[in-house]
Amino acid sequence: MKHERIVKEASRLFRERGCGNISVGEVIKAASLTHGAFYAHFGSKEELKAAAVAYGLKVWLGRVQRSNREKSKESYSDRYLSRWHRDNPGQECTAAALARETARSTPELKAAFEQGLENILSTKRGGREEAIFQTMAMIGGVVPARAVQDHRLSDEILKNVRQKLG
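The residue count restarts for each chain, going from 1 along the sequence in the order it is written. Given that the model is predicted, a residue must reach a pLDDT of at least 70 before its local features are reported, and side-chain atom pairs must reach 80 or more before they are shown or counted; all residues, however, enter totals for whole chains, interfaces and linings. Remark: hydrogens and water are excluded; side-chain values derive from all non-hydrogen atoms of the structure.

1. Notes on the packing of helix α8 (residues 107-123) against helix α9 (residues 127-147)
At step 1: Running from amino to carboxyl end, α8 crosses α9 at an angle of 120 degrees, the nearest separation of the two axes being 8 Å. Note that α8 runs across α9; the crossing there is right-handed. Here L117, E118 and L121 of α8 lie close against α9, whose contacting residues are R128, A131, I132, T135 and M136.
At step 2: Ten residue types, Ala, Val, Leu, Ile, Met, Phe, Trp, Tyr, Cys and Pro, are classed as nonpolar, four, Asp, Glu, Lys and Arg, as charged, and the remainder, Gly among them, as polar. When grouped by side-chain class, the residues that make up the contact of α8 with α9 number five nonpolar, one polar and two charged. Each axis is a line fitted through C-alpha atoms, and for a helix only the stretch in contact is used; angles between axes span 0 to 180 degrees, taken between their N-to-C directions. Secondary structure elements are defined from DSSP: runs of H or I of at least 4 residues count as helices, runs of E of at least 2 residues count as strands, and each element is numbered from the N terminus. Left-handed is the label given to a crossing in which the near helix is rotated counterclockwise from the far helix by less than a right angle, and right-handed is the label when the rotation is clockwise. Should any heavy atoms of two residues lie within 4.5 Å, those residues are counted as being in contact.

Now the structure itself:
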């Protein structure tokens with residue numbers, strides 16, 4: 001139970017502000033625990049990062065799986081490429097929030113990211129090539145939409161990527 005709370009809060013905080021901008025103390029405080037609880041569950045912040053990334057990608061996988069089962073007018077890409085997703089990185093996709101940081105990290109963190117991404121790609125419909133294209137287009141749409149200051153340009157990026165994905 002404590003382990004899961006720590007991982008869940010770390011995942012949210014890392015997505016919001018980046019792994020390098022969050023201390024173990026902030027994660028523990030968000031989980032309403034003490035430092036002793038952290039060291040009882042994790043040997044290092046690097047170990048926590050890998051667990052948090054794996055958790056975040058597992059949450060994303062669950063959303064993709066639910067979307068595959070739903071009969072909704074709004075597609076998964078419509079929800080993913082939305083203002084809400086853009087403006088709430090702590091509540092949404094680990095890949096869009098942490099891929100760049102993961103690319104510069106440890107082999108363990110990269111392995112956790114890779115495994116989570118493979119799970120997502122295997123769940124998407126339309127074959128592997130299409131799954132890679134759609135997934136990378138969505139991630140690639142959200143990242144610059146978050147990076148620009150002009151909300152009109154940001155909305156335009158999201159809208160155009162949504163339209164191209166159909």
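Next comes the rest of the write-up.
2. Side note on the pattern of salt bridges
At step 1: Salt bridges are defined by distance alone: a side-chain nitrogen of Lys or Arg within 4 Å of a carboxyl oxygen of Asp or Glu. Counted according to the given criterion, the structure contains 10 salt bridges.
At step 2: Across the salt bridge formed by E92 and R63, the nearest N and O atoms sit 3.5 Å from each other. Taken together, the positions of E92 in the loop between α6 (83-87) and α7 (94-103) and R63 in helix α4 (residues 45-69) put the pair 29 residues apart, joining distant regions of the chain.
At step 3: Classification of residues uses two cut-offs on accessible area relative to the type maximum, computed with a 1.4 Å probe and protein chains only: under 20% is buried, over 50% is exposed, and between them is partly exposed. Residue class for R63 comes out partly exposed when judged on its relative accessible area of 23%.
At step 4: Each of R83, R86, D87 and D155 takes part in salt bridges that share partners, so that together they form one network.

Remember, this is a structural readout, not a statement about activity or role.
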